[in-house]
Amino acid sequence: MISFLCNRLAEFLCEKNIIAKDEKEIYIYGYEIIITTILGAVLVFAVGLLTGRFMEAICFFIVFVLTRQFCGGYHSQTRLLCSITFMLCYAAVLFFNSVLEPIYSWFIHLLIFVPYFAAILGYAPIINENKPLTDREIVINHNKSIVISIAWLIISTLLLFYKPILSSAIDLTLLVIAALMMIEILKRRREKT
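Residues numbered from 1 in each chain as written. Predicted model: local features only at pLDDT ≥ 70, side-chain atom pairs only at ≥ 80, totals over all residues. Heavy atoms only, no water.

J.: Just to check I follow, could you spell out the pattern of salt bridges for this structure?
T.: Side chains bearing opposite charge may pair, as long as their charged atoms lie close to each other. In total, this model carries five salt bridges according to the counting rule given. Linking arginine 188 and glutamate 184 is a salt bridge whose minimum nitrogen-to-oxygen distance equals 2.8 Å. Of the two residues, arginine 188 and glutamate 184 both sit in helix H7 (residues 164-192), four residues apart, roughly one turn of that helix. For arginine 188, a relative accessible area of 29% puts it in the partly exposed group. (Salt bridge = Lys/Arg side-chain N within 4 Å of Asp/Glu carboxyl O. Helix = DSSP H or I, 4+ residues; strand = E, 2+ residues; numbered from the N terminus. Buried < 20%, exposed > 50% of the residue type's maximum accessible area, 1.4 Å probe, protein only.)

J.: How should unusual backbone geometry be read in this particular structure?
T.: Glycine aside, residues mostly have negative phi, and peptide bonds are mostly found in the trans state. Going from alanine 124 to proline 125, the amide bond is cis rather than trans, its omega being -5 degrees. Here proline 125 shows up in the loop between helix H5 (106-123) and helix H6 (135-162).

J.: Is there a simple way to explain a nonpolar patch on the surface in this structure?
T.: The grouping of Ile34, Ile35, Ile38, Leu39 and Val42 at the surface amounts to a nonpolar patch, some 430 Å² of accessible area in total. With respect to the element layout, valine 42 can be found in helix H2 (residues 24-51). (Patch = residues over 30% accessible without salt bridge, like charges linked within 9 Å, V, L, I, M, F, W, Y side chains within 5 Å. Areas by Shrake-Rupley, 256 points an atom, 1.4 Å probe, with all protein chains shown as cover.)

J.: Can you help me understand the layout of surface pockets in this one?
T.: The space that makes up the largest pocket amounts to roughly 1,300 Å³. Lining the largest pocket are 42 residues; nearest its centre among them are Arg68, His75, Arg79, Cys82 and Asn128. Looking at the lining of the largest pocket, the elements that each hand over two or more residues are H2, helix H3 (54-71), helix H4 (79-100) and H7. No other element matches H2, which puts eight residues into the lining of the largest pocket. (1 Å grid on protein atoms, 1.4 Å probe; cavity = no way out; pocket = protein on both sides within 12 Å on 5 of 7 lines; lining within 4 Å. Points joined across faces, edges and corners; volume = space filled by probe spheres on them.)

J.: I keep staring at H3 and nothing clicks. Help me out?
T.: An α-helix turns once every 3.6 residues. As a result, residues three or four positions apart point the same way. With 18 residues, H3 should reach 26 Å at 1.5 Å per residue; the first-to-last C-alpha distance of 26 Å fits that figure. When H3 is considered as a whole, its buried residues turn out to be Glu56, Ala57, Cys59, Phe60, Phe61, Val63, Phe64, Thr67, Arg68, Phe70 and Cys71. Buried-residue contacts for H3 involve H2, H4, H5, H6 and H7. Once H3 ends, the next one or two residues include glycine 72, with phi positive near 70 degrees. (Expected span 1.5 Å × (residues − 1). Contact = heavy atoms within 4.5 Å.)

J.: What am I meant to see in the side chain of serine 156 here?
T.: Positionally, serine 156 belongs in helix H6. Among all residues touching serine 156, those that are not within four sequence positions of it are His109, Ser167, Ile170 and Asp171.

J.: Would you take a moment to explain the state of the cysteines for this structure?
T.: Where two cysteines share a covalent bond between their sulfur atoms, that bond is called a disulfide. The final tally for this structure, using the stated rule, is zero disulfides. You can see cysteine 59 has no disulfide; the closest cysteine sulfur is in cysteine 89, sitting 16 Å from it. Of the residues examined, cysteine 59 reaches a relative accessible area of 13% and is grouped as buried. For cysteine 89, which is in no disulfide, the shortest distance to another cysteine sulfur is to cysteine 82 and amounts to 9.3 Å. (Disulfide = S-S within 2.5 Å.)

J.: I tried to follow the packing of H4 against H7 on my own but got confused; where do I start?
T.: Think of two packed helices as two axes; the pair is described by the angle between the axes and how far apart they sit. The contact between H4 and H7 brings their axes to 9 Å, and the two run at 140 degrees. It follows that H4 is oblique to H7 by the angle criterion. Classified by chirality, the crossing of H7 by H4 is right-handed. For the pair H4 and H7, the contacting residues are Thr85, Cys89, Val93, Phe96, Asn97 and Leu100 in the first and Ile165, Ser168, Ala169, Leu172, Thr173, Val176 and Leu180 in the second. Looking at the contact of H4 with H7 residue by residue, the class counts come to nine nonpolar, four polar and no charged. (Axes fitted to C-alpha atoms, helices over the stretch in contact; angles between N-to-C directions. Parallel < 35°, antiparallel > 145°, perpendicular 65-115°, else oblique. Left-handed = near helix turned anticlockwise from the far one by under 90°. Nonpolar A, V, L, I, M, F, W, Y, C, P; charged D, E, K, R; others polar.)

Structure, rendered in structure tokens:
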């Protein structure tokens, strides 16, 4: 459905000479990304409102989107599977955040952050075959992954004093991102054998 709508929009823009015909596929891809991102945000925020965990939903969405653009990771074959994977990631963060809420501590904070940061240092960025990066872009994205990770560590550590539930939400989102990175690495290794 989303692909159909994006295709129709790109065709309309081509007919009106707003975009060139040879750029139509690029626009379709861009529109699909925009629409699925908006739908994902709406779903996450709606679930956050319904469960009384709206601030955690905001933390999840911001951390997930900002971090994944630099570090990469698992990508689904279709937009539908991508949306399902995204919502499963959010559900996992929501569930484990509620489990950890009464016991969240410095120890758990570091226990979650250290494996995430090790994955960033060792593997980021994981390049998507649909979006190749130059050697320079790889170095830039690696460095940005480290910088944003340090920023999340600082923010999460400060929140540990004032709003531990938000600190936990940030940390668990980062752990999910590390898991998605490792899934993609394992998938590629399996494909090679």
